[in-house]
Amino acid sequence: MTLQRYDPDRLDRLSLRLLDLAAMFRAMSNEARDAEIDELRLNDRKTNEWLSSLEQWAYESDGKLRALLVKKRGERRAASMEQRR
C-alpha cells in the first residue's frame with residue numbers, strides 16, 4: 001500500500017464528497033417521508049463494510065494528524081526558546 005500525500009485542500013475535497021453523499025441521502029429520506037414511502041429495500045452489507053473501513057481510516061488519520069500537531073508545536077516551542085537565549 002502506497003501512502004498518499006494529503007494537504008488541507010485534498011482533505012477539503014474528500015470532506016465535500018462525503019457531505020455531498022450525506023446531503024443526497026438526507027434528500028432521499030425527506031422525499032420518501034414526504035411521499036409516505038415506508039421502506040426502500042437496499043442491499044447494504046458492502047456499504048456498511050466500506051463505512052466501517054472509512055471510519056477506521058478517518059480515526060487513524062486523525063491520530064496521525066494529532067501526533068504531527070504535537071511535534072510541530074514542540075518544534076515551535078524549541079525554536080522560541082532558542083531565540084530567547
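Scroll up for the structure.
Residues numbered from 1 in each chain as written. Predicted model: local features only at pLDDT ≥ 70, side-chain atom pairs only at ≥ 80, totals over all residues. Heavy atoms only, no water.

**A word on the overall build of the protein**
Logical step 1: Per the secondary structure count, the protein includes 2 helices and 0 strands.
Logical step 2: In terms of overall size, the protein is more extended than a compact globule, its C-alpha atoms giving a radius of gyration of 21 Å where 85 residues would be expected to give roughly 12 Å.
Logical step 3: Each of the three principal axes of the protein carries a C-alpha extent, and together these read 70 × 30 × 15 Å.
Logical step 4: Burial status across the protein gives 0% buried among its 85 residues.
Logical step 5: Accessible surface, the protein as shown: approximately 8700 Å² in total, 55% of it carbon and sulfur.
Logical step 6: Charge-centre separation for the protein: the mean point of 18 positive side chains lies 13 Å from the mean point of 16 negative side chains. (Helix = DSSP H or I, 4+ residues; strand = E, 2+ residues; numbered from the N terminus. Rg over C-alpha atoms; globule rule 2.2 N^0.38 Å. Buried < 20%, exposed > 50% of the residue type's maximum accessible area, 1.4 Å probe, protein only. Areas by Shrake-Rupley, 256 points an atom, 1.4 Å probe, with all protein chains shown as cover. Lys, Arg positive; Asp, Glu negative; His and termini not counted. Charge placed at Lys NZ, Arg CZ, Asp CG, Glu CD.)

**Quick notes on the layout of surface pockets**
Logical step 1: Taken as a whole, the largest pocket spans an internal volume of roughly 850 Å³.
Logical step 2: If you trace the largest pocket, you find 21 residues lining it, with Tyr6, Leu11, Trp57, Ser61 and Lys64 closest to the centre.
Logical step 3: At the level of secondary structure, the elements contributing two or more residues to the lining of the largest pocket comprise helix H1 (8–34) and helix H2 (45–84).
Logical step 4: Of the residues forming the lining of the largest pocket, the biggest block, 9 residues, is contributed by H2.
Logical step 5: Class assignment of the residues belonging to the lining of the largest pocket gives a composition of 12 nonpolar, 4 polar and 5 charged. (1 Å grid on protein atoms, 1.4 Å probe; cavity = no way out; pocket = protein on both sides within 12 Å on 5 of 7 lines; lining within 4 Å. Points joined across faces, edges and corners; volume = space filled by probe spheres on them. Nonpolar A, V, L, I, M, F, W, Y, C, P; charged D, E, K, R; others polar.)

**Thoughts on a nonpolar patch on the surface**
Logical step 1: On the surface, Tyr6, Leu11, Leu18, Leu21, Met24, Phe25, Met28, Leu40, Leu42, Leu51, Leu54 and Trp57 cluster together into a nonpolar patch covering about 1100 Å² of accessible area.
Logical step 2: Every element with two or more residues in the nonpolar patch is listed here: H1 and H2.
Logical step 3: Of the residues forming the nonpolar patch, the biggest block, 6 residues, is contributed by H1.
Logical step 4: Position of Tyr6 among the secondary structure elements: in the segment before H1. (Patch = residues over 30% accessible without salt bridge, like charges linked within 9 Å, V, L, I, M, F, W, Y side chains within 5 Å. Salt bridge = Lys/Arg side-chain N within 4 Å of Asp/Glu carboxyl O.)

**Examining a negative patch on the surface**
Logical step 1: Taken together, the side chains of Glu31, Asp34, Glu36 and Asp38 make up a negatively charged region of the molecular surface.
Logical step 2: Looking at the element boundaries, Asp38 is found in the loop between H1 and H2.

**Focus on the pattern of salt bridges**
Pairing between side chains of opposite charge can happen when their charged atoms approach one another.
Logical step 1: Scanning the model with the defined rule gives 4 salt bridges in all.
Logical step 2: Across the pair Glu49 and Arg45 runs a salt bridge whose closest N-O atoms are separated by 3.1 Å. Separated by 4 residues within a single helix, Glu49 and Arg45 lie in helix H2, roughly one turn from each other.
Logical step 3: A residue is classified by how much of its surface remains accessible, and Glu49, at 36% relative accessible area, is partly exposed.
Logical step 4: Judged by its relative accessible area of 53%, Arg45 is exposed.
Logical step 5: Of the charged contacts in the structure, one is a salt bridge between Lys46 and Glu49, with a shortest N-O distance of 3.7 Å. Linking Lys46 with Glu49, this pair stays in helix H2, spanning 3 residues, or about one helical turn.
Logical step 6: Several salt bridges share partner residues, and in doing so they unite Arg45, Lys46 and Glu49 into one network.

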